[in-house]
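Listed below, chain by chain, are the residues.
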Amino acid sequence: FQVKKNGLSQFQNMSAYLGGSCFQTIIDNPVTAYRQMVQQFAKDLKGNAVDPKIASQEAKAIFYKAPVSASLSGLGPRLVGVGFKRVPKFGILLGLSYLLGEDGEVGAAAAMGASIGSAPFINPIRMIEKQQRAFFKETGAIKPISEIVREAAAKNFTPLFRGTVPLIGHSLASALLGLVGQPKLQKWVKEEVGAKTQLSGFVTGLIASSVVSPIYVFVTNPLSRLEVIMQTSKIDGKAIGVIEACKEVANDSKKFGLRGVFRGQGIGIAKAILSLTMFHQGRIWLGDAFKEYNIKNGDFVPAEEK
């Protein structure tokens, strides 16, 4: 591996992305779990549509009753997924960026390629994560991963790929806005605002994430709803396809208007701000540490010192 003009080698850049992803995953897991429940409880146990306010109350009741279990639900698969999901995604993303001559500075073309190419690796982990929380209301406990895998194996593991189509759209929006847009906006905020006010990198990152997140959530929230609908049905039961999931969202909107379509929108924006800020801050901290190491070893000379 060679140290590039950004001060990092390909391996170090990849490691910084994975480290940032681990940091983000641990911090935002309770919010992720709560958002899934708000969206999942759109229907009661009899299949009837539920008012968004009631769904939110039911999700809160689970967290009040079992705060630790609910907050940690799905964390195991998500952390394992940092390897299974992020290595292919970031590998394709950064690999394409180097091939396209971007030297690790991610662009739109690399983001699009990574979103499509990594979907088969990401979807099974997301399915297992959502299945762990899917029956919390009925059982009051997390569904064991071994049970989920056993049920999937009985159907040749095909249920693990439910929701792949909306995931590709979700992943593309995430890559374009979160991995491409947020760093560019943070750089601008740092140059225009940070230099005049002496704001820290964390604060400028928070500002950039706060600007990008509402746009990101507006685009991805309906796709997230489709994923939740398709991935929280029983594995040993009938699968819900994309068309059927779209019909369910449409019926929800007929009954509750935009509140039905955008269930979890508010908590989604809060999650996006938290997730984007934690991911990029973790990535930047690790990247800076690697860069300092390269400077001390004489492998990299900053442009201002040349």
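Described below are features of the structure shown in this document. (Residues numbered from 1 in each chain as written. Predicted model: local features only at pLDDT ≥ 70, side-chain atom pairs only at ≥ 80, totals over all residues. Heavy atoms only, no water.)

### Describing the pattern of salt bridges
When their charged atoms lie close together, side chains carrying opposite charge are able to pair.
Stage number 1. Applying the stated criterion to the full structure yields nine salt bridges.
Stage number 2. The closest approach of N and O atoms between Arg126 and Glu227, which form a salt bridge, is 2.9 Å. Here Arg126, found in helix H6 (residues 119–134), pairs with Glu227, found in helix H10 (residues 201–231); they are 101 residues apart in sequence, far enough to count as distant.
Stage number 3. According to the relative accessible area criterion, Arg126 is buried, its value standing at 17%.
Stage number 4. A salt bridge links Glu151 to Lys143; the nearest nitrogen and oxygen atoms lie 2.8 Å apart. Taken individually, Glu151 and Lys143 each receive the classification buried, so the pair is uniform in this respect. (Salt bridge = Lys/Arg side-chain N within 4 Å of Asp/Glu carboxyl O. Helix = DSSP H or I, 4+ residues; strand = E, 2+ residues; numbered from the N terminus. Buried < 20%, exposed > 50% of the residue type's maximum accessible area, 1.4 Å probe, protein only.)

### A word on the nonpolar core
Buried together is how nonpolar side chains tend to be arranged in soluble globular proteins.
Stage number 1. Grouped together as the largest cluster of nonpolar side chains are twelve residues: Ala33, Tyr34, Met37, Val38, Phe41, Ala55, Ala59, Ile62, Phe63, Ala66, Ala70 and Phe136.
Stage number 2. Where this core is concerned, the elements lending two or more residues are helix H1 (10–40) and helix H2 (52–65).
Stage number 3. Beyond its immediate chain neighbours, meaning those up to four positions away, Ala55 contacts Val38, Phe41, Ala42, Val50 and Arg263.
Stage number 4. Membership of the second largest hydrophobic core comes to eight residues, among which are Met230, Ile240, Val249 and Val261. (Core = buried A, V, L, I, M, F, W, Y, C linked by side-chain atoms within 4.5 Å. Contact = heavy atoms within 4.5 Å.)

### Description of empty space enclosed by the protein
Stage number 1. Counted under the stated rule, the structure contains one cavity of 30 Å³ or more.
Stage number 2. Approximately 700 Å³ is the volume attributed to the largest cavity.
Stage number 3. Lining the largest cavity are 35 residues, and of these Gln24, Arg86, Arg126, Tyr216 and Lys271 lie nearest its centre.
Stage number 4. Listed by contribution, the elements that provide at least two residues to the lining of the largest cavity are H1, helix H4 (75–99), H6, helix H9 (164–197), H10 and helix H13 (265–296).
Stage number 5. Broken down by class, the residue content of the lining of the largest cavity amounts to eleven nonpolar, 14 polar and ten charged. (1 Å grid on protein atoms, 1.4 Å probe; cavity = no way out; pocket = protein on both sides within 12 Å on 5 of 7 lines; lining within 4 Å. Points joined across faces, edges and corners; volume = space filled by probe spheres on them. Nonpolar A, V, L, I, M, F, W, Y, C, P; charged D, E, K, R; others polar.)

### Concerning the layout of surface pockets
Stage number 1. The calculated volume of the second largest pocket comes to roughly 450 Å³.
Stage number 2. In this structure, the second largest pocket is lined by 19 residues; those nearest its centre are Gln40, Lys43, Asp44, Thr232 and Ser233.
Stage number 3. Secondary structure elements with two or more residues in the lining of the second largest pocket: H1, helix H7 (136–139) and H10.
Stage number 4. Its residues placed into classes, the lining of the second largest pocket shows seven nonpolar, five polar and seven charged.

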